[in-house]
Amino acid sequence: MNIQGRIGTPDTDEAQAALETLRLWAAEAHPAEITALDPAIARLLPGAPDSYPDLARDYDADFRPDAAYKAAMPDLQNGPSSLIVGAKARIEHVGISNFRLPIKYKLRDGGEVVLETSVTGSVSLEAEKKGINMSRILRSFYAHSEREFSFEVMAAALDDYVENLESFDARLMMRFSLPLQVESLRSGLSGWQYYDIALELVESAGVRTKIVHLDFVYSSTCPCSLELSEDARIRRGRMATPHSQRSVARISAVVEPGQTLWFEDLIELARANVPTETQVMVKREDEQAFAELNAANPIFVEDAVRAFAAGLMAEPRVGDFRVIASHQESLHSHDAVALLTEGPTFAQTSLDPQMFATLIHRG
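In this report, the structure presented in the accompanying data block is examined. Quick caveat, the model's predicted, so the values are computed rather than measured. (Residues numbered from 1 in each chain as written. Predicted model: local features only at pLDDT ≥ 70, side-chain atom pairs only at ≥ 80, totals over all residues. Heavy atoms only, no water.)

## Examining the pattern of salt bridges
Logical step 1: Enumeration according to the criterion identifies 16 salt bridges in this entry.
Logical step 2: For D265, the salt bridge is made with R317, and the minimal N-O distance between the two is 2.8 Å. Here D265 is found in helix α7 (residues 263-273), whereas its partner R317 is found in the loop between α9 (301-313) and β7 (318-327), with 52 residues between them in sequence. Side by side, D265 and R317 carry an identical accessibility label, which is buried.
Logical step 3: Each of R108, D265, E268, E315 and R317 takes part in a single network of salt bridges with overlapping partners. (Salt bridge = Lys/Arg side-chain N within 4 Å of Asp/Glu carboxyl O. Helix = DSSP H or I, 4+ residues; strand = E, 2+ residues; numbered from the N terminus. Buried < 20%, exposed > 50% of the residue type's maximum accessible area, 1.4 Å probe, protein only.)

## Some points on the packing of α7 against α9
Logical step 1: The interhelical angle for the contact between α7 and α9, taken along N-to-C directions, is 130 degrees, at an axis separation of 9 Å. For the element pair α7 / α9, the angle class is oblique. Here α7 runs over α9; the crossing is right-handed. Side by side, α7 and α9 meet where L266, L269, A270 and N273 of the first sit next to A307, F308, A310, G311 and L312 of the second.
Logical step 2: Considered class by class, the residues forming the contact of α7 with α9 number seven nonpolar, two polar and no charged. (Axes fitted to C-alpha atoms, helices over the stretch in contact; angles between N-to-C directions. Parallel < 35°, antiparallel > 145°, perpendicular 65-115°, else oblique. Left-handed = near helix turned anticlockwise from the far one by under 90°. Contact = heavy atoms within 4.5 Å. Nonpolar A, V, L, I, M, F, W, Y, C, P; charged D, E, K, R; others polar.)

What follows is the structure, given as structure tokens:
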């Protein structure tokens, strides 16, 4: 029947023919397809109730669905490809972000610590699939988080949900803040320094890659400003101070297969190559020491990323890496930034517009 372009109201025969066409289609369609087209269609099908049932307004706290009830529940997200909205295109990653739970982490000295962790989990979705069951990602983490540690939790969860979701590629990330005690420079005091760390496990084409990300916060004294300050002192007898600022480097390192790169190892590597880490507990002698330490290690942002790179290149447990640094200038109203990569893992043509803006110290 073709009613395209017709003028006037369809007659009874045309309506009857349309109803028969609709019933024939609905007999073969997935319930989710019927719901997506119009939920009222269900009332036109054979066996439908004569009138819409009266609905109770109280919550049925004692109701427990059996297997048959759950099997008959509509599942629009995992429906057929005919329900796909927009282009039938492959999605590289779809999943959840900022799902939080406590995770156990091993420390280098043999101890362990439980930290609140933010989880991001995603999988690829082929062009002919409508969607994924995201709750499986959460359930996988809960199934393993009480008895496994960090990367072990991620590997077990990845095994679970790649199989359950029939995905080819997957990515898991766990972000947390690690507290470590750090001694002051001269007074003998110590305090808790918090390090923002993320562990990433990527599976692509059957190959898994472990990546550790560290945000390292340090002070950067401008070498040019330092020289100009000294010039004013020497040539004109004028008191002058070089400008320095809080700076952040995000170090991302691929852990070579079969190797263990402890959090403490990566932190110490960063500190060894750029020693002007910001301080926790400070007395007058520590403040003076920090001024001397900065004067002994003036650094442009270009110097910083190369200094971190030198340490990473010398570490046999590290494969590809990326270093992003932001010196949040006290002289200028803008920041000085740099990015250095080694190897194909972090090679990129386009930058996230907010990449450098995320290099902040939250305290």
